[in-house]
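# Understanding the architecture of this molecule
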2 protein chains.
Amino acid sequence: MPMVLVVHGGAWAIPDELAPASVDGVKAAARHGSSVLKSEGSALDGVEAAVRALEDNTVFNAGHGATLNIDGEVELDAIIMDGRTLASGAVSCVKNIANPVSLARAVMEKTSHVMLAGNGANQFAESIGVNTVPTDKLVTEYEKKEWEKHNKYIAGVMEAFNTKWAHDTVGAVAVDSAGNVACATSTGGIRNKMVGRVGDSPCIGCGGYADNSSGAVSCTGHGESILKVTLARLILSHVEQGRSVADASQLSLQHMGERVQGAGGAIVVSPSGQWAATFTTERMAWAAAEDDVLWFGLNPKEKLKEKLSQ
Amino acid sequence: MPMVLVVHGGAWAIPDELAPASVDGVKAAARHGSSVLKSEGSALDGVEAAVRALEDNTVFNAGHGATLNIDGEVELDAIIMDGRTLASGAVSCVKNIANPVSLARAVMEKTSHVMLAGNGANQFAESIGVNTVPTDKLVTEYEKKEWEKHNKYIAGVMEAFNTKWAHDTVGAVAVDSAGNVACATSTGGIRNKMVGRVGDSPCIGCGGYADNSSGAVSCTGHGESILKVTLARLILSHVEQGRSVADASQLSLQHMGERVQGAGGAIVVSPSGQWAATFTTERMAWAAAEDDVLWFGLNPKEKLKEKLSQ
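Residues numbered from 1 in each chain as written. Chains lettered and ligands numbered in written order. Predicted model: local features only at pLDDT ≥ 70, side-chain atom pairs only at ≥ 80, totals over all residues. Heavy atoms only, no water.

What follows concerns the sheet that holds strand β13 (residues 293–297) of chain A. A sheet is described by the order of its strands in space; here ten strands give the open sequence β14(A)-β13(A)-β12(A)-β1(A)-β5(A)-β6(A)-β2(A)-β3(A)-β4(A)-β7(B), paired in mixed fashion. Among the strands making up the open sheet, the edge pair consists of β14 (304–307) of chain A together with β7 (197–198) of chain B. Inspection of the sheet shows strand β5 (residues 170–175) of chain A paired to strand β6 (residues 181–187) of chain A by six bridges, in the antiparallel sense. Among the inter-strand pairings, V173(A) is bridged to a residue of β6(A), identified as C183(A). Helix α1 (residues 19–38) of chain A contacts β1 (4–12), β5, β12 (283–290), β13 and β14 of chain A of the sheet and is inclined by roughly 155° relative to β1(A). (Pairing = 2+ DSSP bridges. Helix = DSSP H or I, 4+ residues; strand = E, 2+ residues; numbered from the N terminus. Contact = heavy atoms within 4.5 Å. Axes fitted to C-alpha atoms, helices over the stretch in contact; angles between N-to-C directions.)

Turning our attention to the packing of helix α2 (residues 43–56) of chain A against helix α3 (residues 100–110) of chain A. It is at 8 Å that the axes of α2(A) and α3(A) come closest, and there the two elements cross at 150°. On the side of α2(A), the interface is formed by L44(A), D45(A), E48(A), V51(A), R52(A) and E55(A), while α3(A) contributes P100(A), V101(A), S102(A), R105(A), M108(A) and E109(A).

All names here are of chain A. One non-glycine residue with positive phi stands out, namely T169, at about 30°. For T169, the position within the fold is in the loop between α7 (157–162) and β5. On the accessibility criterion, T169 (2% relative accessible area) is buried. (Buried < 20%, exposed > 50% of the residue type's maximum accessible area, 1.4 Å probe, protein only.)

Bringing the relation of the copies chain A and chain B into the picture now. The transform that puts chain A on chain B rotates by 180° and translates by 0.0 Å along the axis, for an RMSD of 0.0 Å. The two molecules are tied by a two-fold rotation axis, judged by turn and shift. Most of the interface of chain A is mirrored in chain B, where 100% of its interface residues are also at the interface. (Least-squares fit on C-alpha atoms with pLDDT ≥ 70 in both.)

Moving on, we get to the interface of chain A and chain B. By a frequent convention, interface size equals the accessible area lost on bringing the separate parts together. Contacts between chain A and chain B engage 45 residues on the former and 45 residues on the latter. For the pair chain A and chain B, the summed buried surface comes to about 3,400 Å²; carbon and sulfur atoms form 60% of the total. When the buried area of chain A at its contact with chain B is split by residue, H113(A), K228(A) and R259(A) rank highest and sum to 18% of it. Run the count over chain A and chain B and you get two salt bridges. (Buried area = accessible area lost by both parts, 1.4 Å probe. Salt bridge = Lys/Arg side-chain N within 4 Å of Asp/Glu carboxyl O.)

In structure tokens form, the structure reads like this:
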């Protein structure tokens, strides 16, 4: 079976000064996730490793470098899902956790629940010995400045997104040598969000979905719009009805634009190794490791490649 | 256009001693919601009114009379959704709120977000002047005893559900005279759940979904299973492909049983007024107001009726 791993670093109007670091970051994360797959890791191991790399990279809005909420605090959301069993774990509004994707995996593997929120998620983290980090360690100077700017000038979330001040979400999808698919998504949410705001990322079928019978998806973009159309599930519904992963993504993002005026992006992989990286925002940093090729892009219709093994 | 309003009081092994009060409760809620529709209320007004009635009735696991989490506290989840615009509001893990469905509606109407969790949801409630109630006021003697019993005898949530100690979720769906559909779902979750556990109820596409192009659904049953198959969205996907609301519900619940070994129930209404109340648990209390008839049932294949106007 072909092994494929695709990552995204968020669909938004990525400014030129962040472009090179964003592209380098998704390429490095795809390489890392792909090396896990090639060392006999499962699709689940691959997407977790790739998303951890993105969470650890301060250029992306997840883990270190996440956006701040209206109170100037970091509240993180993440999901992971195993297409083999539909097992899933998610955390929302969790604080002081450097790698929420791994805490989401612990929810999946160590509890009988699917999602834990807020203090409860932090209590669980403590009970299983997950290290916490001081909030300051997750906050970058860049995000602190953006937070101050928002407080002065921007009235609402939709306005923030439409004025292209969003900073969005990371994710990964993979199919392993056994044909199992998995997805993972992680985010700090939208800048200056209300305390307790839960976006699409941790919501199953919205920020991500994985089912061996159709494929795996990770979404990014205006979270409230993605929620309203349950974007990940919508894309896979089209795949189930015979559409290619590229057509299914395009159709679903177009529907989201028409029905709720929202822009975003998605990465998809099918159990047979078909994949797509699609977006309706100005840019989305993405990279895909397939055979010995690393594909990547940032601007619409851009599809560059280089050798994976270097 | 035909106006229809359907409610459920949860799909589970309702014990005989709770059966009459459960049936009376859903009938009263359906009458109440229906009267709102007939007084030119929207589908949204109708489902909110019906669910408030169920939340206020201590026989159901929502609002007053909700189940307790492992710490003996009440944490409530709710969602409401407008099929006209796909606008949606949800709260998860909220405390000291008597009518979470109305708080969910406020999230939809007064914020740019879709879901607020935990402390953030409570902060929002305070900011808009929603009255809080002391935890004790939401806790019934019945649930306090069940909590103690669980602490002694029951190891996990899945076991609780399989041993039929669950106590589940309320919901309503409606179509109004303009052909707009809406859904609402509200719950205390599963008995002795972990602190911060979010079930299917507040998750869009899982505990509920409403879209004028297909219909409105409210789900109940084993929350983690409903999440894994995004049950509400799955049912409406089948409707979109031409299935009747009854067949779509049956097929989706069957899929949930086969794929993730979960039981549950769903109520569905289409924009043209077709409706269904379907379950794979032992019982589900439901009632449907249609024209001048009140349909209701509790056991499989039971469909009783009486005059709506009395």
